[in-house]
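Report on the structure
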Amino acid sequence: MNWQALEEELARWRDAGRAPELWWRDDDATARTPALSRLLALAQESGVPLALAVIPLSAQAELFASLSARVLMHGTDHRNRASTGEKKTEFAIAEATETALERLRRARERLAALAGPSFVPVLVPPWNRCPLELIAQLPVIGLYGCSAYGARKAPGRGVTQVNTHVDIIDWHGKRGFVGDEAALGATIAHLAARRRGAADAAEPTGVLTHHAVHDADAWRFLARFFERTRSAGARWADAATLFPVAS
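Attention in this report is confined to the structure presented alongside it. Keep in mind that this is a model prediction, so the values were computed, not measured.

**So, the nonpolar core**
Trp24, Leu52, Val54, Phe64, Phe221 and Phe225 are the most contacted members of the largest nonpolar core, which has 59 residues in total. Here Phe225 is in contact with Trp3, Leu6, Leu22, Leu184, Thr187, Val207 and Trp236, once residues within four sequence places are set aside. Within the second largest apolar cluster, 12 residues are counted, among which are Trp23, Ala51, Val122 and Leu242.

Structure below.
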């Protein structure tokens, strides 16, 4: 897959009289680091809305000063509580739902107070894993959305799930940029599946980034990707419009 293939897929959407919607989520924010400042600058320069998944119990107050991004809730402390043989997760199967909810409630209160109007009450579970039983109970503590990775499932009444589908980091290899071919291939595959009805057409294609581990190629790709998609007519959604909040 290459840039021409992406443009051809976007052209198919235009020929069908449709404009594909995408959205951008970046994980693991805690402080106003040089990498995060660069991320915020990229969002401003590109005109692409940024949803920043912030770790509530590690977040520093200075992170939120003049913050031009939406703030989502990245678990509570991003600590791995998985049992032996279980994949990494903050929300282990063995943990009682009531215990996890109470931890989430306290973390939500802290993050909402720090972020103010930038806060969108959406849980982004660390490692993109969370039991459906817990997700279904999120409205009890004032969380009305969930965002993980891959095809979304029915999360429960009162919870909107909008996932990401394109991870630009090679976690199982060099832990840097996954490469143009892989990133574009995942994007085109999800867009094509939506266009053909093989995937949920109403779910925007989500791009997942991790600013702390971006290398030069990752930054270069994102700038080019945002410019090419926007110029081809794709719409980049603001997270606040994707996750309706119950009154």
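And the narrative resumes.
**A few points about the packing of aromatic side chains**
Summed over all chains, the structure comprises eight aromatic pairs. With a centroid separation of 5.4 Å and 40 degrees between ring planes, the pair formed by Trp3 and Phe221 is classed as tilted. On the criterion of sequence distance, the pair formed by Trp3 in helix 1 (residues 3-15) and Phe221 in helix 6 (residues 216-231) is long-range, its members being 218 residues apart. Since its relative accessible area comes to 8%, Trp3 is described here as buried. Residue Phe221 is classed as buried on the basis of its relative accessible area of 1%. Judged by centre distance (5.1 Å) and plane angle (35 degrees), the ring pair of Phe177 and Phe221 falls under tilted.

Calculation criteria
- Residues numbered from 1 in each chain as written.
- Predicted model: local features only at pLDDT ≥ 70, side-chain atom pairs only at ≥ 80, totals over all residues.
- Heavy atoms only, no water.
- Core = buried A, V, L, I, M, F, W, Y, C linked by side-chain atoms within 4.5 Å.
- Buried < 20%, exposed > 50% of the residue type's maximum accessible area, 1.4 Å probe, protein only.
- Contact = heavy atoms within 4.5 Å.
- Phe/Tyr/Trp six-rings, centres within 6.5 Å; stacked < 30°, edge-to-face > 60°.
- Helix = DSSP H or I, 4+ residues; strand = E, 2+ residues; numbered from the N terminus.

All quantities given are derived from atomic positions and should not be read as evidence of function.
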